[in-house]
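What the coordinates show
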Amino acid sequence: MSSFSTKIKENFQDYLTELSDLLAIPSVSADPQFSKSVHQCAHTVADLLRKSSLNHVELLETPGYPVVYGEKYVDESYPTILVYGHYDVQPADPIELWHQDPFNPVIKEGKIYARGAADDKGQFFLHIKALALVIQANKLKYNIKVIIEGEEEVGSKNLEAFALQYKEKLKADFILISDTSMIANEHPSITTGLRGLCYMEVEVIGPNRDLHSGVYGGAVANPINELCKMIAKLQDEEGKILIPGFYDQVAEVSESERARMAQAPFSIEDYKNHLDIEEVFGEKDYSVLERVSIRPTIDVNGIWGGYIGEGAKTVLPSKANAKISMRLVPNQNFLDIEKIFEDYFKSIAPKSVKVKVNAHHGGHPAVTSITSESYQIAEKAVEKSYGKKPIPLRTGGSIPIVSMFKSVLGIDTVLLGFGLDSDAIHSPNEHFGLFNIEKGIETLCYLYAKED
Ligand code: BES
Ligand code: MN
Ligand code: MN
């Protein structure tokens, strides 16, 4: 056993206590009610960085929540790694589906349960602890800069200006992010692609007030009926998106990458059982793993309007709304997609209703190289701790700052995540495996440390 893994085992209870304290802070960036806690969380992260012997720890203000910064400078001749993470979390709703208070962490069955356990508090915490051990052992072989932001879950809207402002301060050879998952604990993987995101909100407007559905129904268009018909025209039975021009920029993935994806361990039966679904959905020419990573998608995230209270109310509502998001792949541009979505959505609306279309935050997709030196550094560390060479795999989620960092700072990213897709991030009962915490810290120790 390496001296790092011995140390990790010795300290493990302390790690869990510290992580629990961090998870107990409800740093929900989307809801202004939690703003005090989000600020408090930034201070707690700063304290953790200081405790790990990082220097120049400070909160860098933005028009929104601050970015926590810390660094460890060792030697001019050493390469510099910029570590990125986010201390904000998604809202915990629906609270009633949690088996416990989402901000009162519970450890059971080898996992720690709390909002943010895997996304992303538990994951950036691994870096803090690994850095502490490597610095303590006097073995750090990189100069380190750490930034932990507080607005990732609401689109990192202040981070581009931040990157421009601190371009010099953030200079690094590569960026390292742990905010994704591995395919399985038995088969480590490194993420090599993220999807982009285009997020729209639509409103379909009918008569100037809610109407009696008996008196008016049949002669006045019902906005909910019309919205549903319009949504039905966005996608065919197989999931193909019907917006003209939507696929124009979609890059086809090479046969060799597809062949490699086909080798990844994946059981469709386990997948269906895990989700309690009889059948999967999607484009027949693509595997499930391909459908959720190299192909673009469209999903209604929420839909509302009319009467949803107790009992029955016969109403022909005046409005209907929906939130509709699209996951994008290289080389789709979310700004172009916003435009063609709006044009198409308005073009399929009947004359009997008016339509408003607005865009929320978006993000560009990203792919990372598997031949770069930085990828190989991560690969080597994973192989040492897991005893197996990691598989490079694209994922379906989005981290828009990856492409932004590339365009603004000119720096490439390595996506070395330690979660699992089954960690229930953004869902009730989010958790992070204790195995993943231990292996994560161990892997990062190997990554950061000089060899004996
Ligand atoms: N950490 C996730 C992204 C992620 C999760 C990537 C799992 C790969 C695997 C990140 O915090 C997130 O939730 N991103 C959002 C987009 C953002 C703009 C709100 C997403 O993917 O929905
Ligand atoms: Mn995240
Ligand atoms: Mn998230």
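Computed from a prediction, not measured in an experiment: that's the story for all the values here. (Residues numbered from 1 in each chain as written. Chains lettered and ligands numbered in written order. Predicted model: local features only at pLDDT ≥ 70, side-chain atom pairs only at ≥ 80, totals over all residues. Heavy atoms only, no water.)

Section: the environment of Asp-236
The cut-off we apply is this: Each helix is a run of DSSP H or I of at least 4 residues and each strand a run of E of at least 2, with the numbering of both proceeding from the N terminus.
When you line up the elements, Asp-236 lands in the loop between helix H5 (223-232) and helix H6 (255-263). On a C-alpha basis, the gap between Asp-236 and Glu-283 in space is 9.8 Å, while along the polypeptide they are 47 residues apart.

Let's talk about the domain arrangement of the chain
Rule in force here: Reported domain spans reflect what an automatic or database domain assignment gives. The contact criterion used is simple: two residues touch if any of their non-hydrogen atoms lie within 4.5 Å. Simply put, the buried area is the total loss of 1.4 Å probe accessible area from both parts when two parts are fitted together. Salt bridges are counted wherever a side-chain nitrogen of Lys or Arg sits within 4 Å of a carboxyl oxygen of Asp or Glu.
Here the domain parsing of the chain yields domain 1 (3-194 + 365-448) and domain 2 (196-250 + 296-363). Computed from C-alpha coordinates alone, the two centres of domain 1 and domain 2 are separated by 36 Å. At the interface, ten residues of domain 1 touch ten residues of domain 2. Note on domain 1 versus domain 2: buried area summed over both sides is about 660 Å², and carbon and sulfur give 61% of it. By the criterion of area lost to domain 2, the three top residues of domain 1 are Pro-365, Ser-398 and Pro-400, representing 60% of everything that side buries. Counting the contacts that link domain 1 with domain 2 gives zero salt bridges.

Section: the packing of helix H1 (residues 3-23) against helix H3 (residues 121-136)
Rules: To obtain an axis, a line is fitted to C-alpha atoms, over the contacting stretch when the element is a helix, and the angle between two such axes runs from 0 to 180 degrees between their N-to-C directions. Any angle that falls under 35 degrees is termed roughly parallel, while one over 145 is termed roughly antiparallel, one within 65 to 115 roughly perpendicular, and all others oblique. We call a crossing left-handed when the near helix sits turned anticlockwise from the far one by less than a right angle, and right-handed when that turn is clockwise. Three categories are distinguished: nonpolar for Ala, Val, Leu, Ile, Met, Phe, Trp, Tyr, Cys and Pro, charged for Asp, Glu, Lys and Arg, and polar for the others, with Gly belonging to the last.
Contact geometry of H1 with H3 gives a least axis separation of 11 Å together with a crossing angle of 140°. In terms of their interaxial angle, H1 and H3 are classed as oblique. Viewed along their axes, H1 and H3 form a crossing whose handedness is right-handed. Here Phe-4, Lys-7, Ile-8, Asn-11, Tyr-15, Glu-18, Leu-19, Leu-22 and Leu-23 of H1 lie close against H3, whose contacting residues are Lys-121, Gly-122, Phe-124, Phe-125, Lys-129, Leu-133, Val-134 and Gln-136. Here the residues of the contact of H1 with H3 are counted per class, giving ten nonpolar, three polar and four charged.

Considering H1
For clarity, the cut-off: A helix is expected to span 1.5 Å for every residue after the first. The term bend refers to the angle at a residue between two fitted axes, each drawn through seven residues, those ending there and those starting there.
Taking 1.5 Å of rise per residue, the 21 residues of H1 would be expected to cover 30 Å, and the 28 Å separating its terminal C-alpha atoms lies within 8% of that figure. The axis of H1 is deflected most strongly, by about 55°, at Asn-11. Tucked inside the fold, the buried residues of H1 contact helix H2 (35-51), strand E4 (106-108), strand E5 (111-113), H3 and helix H12 (434-448).

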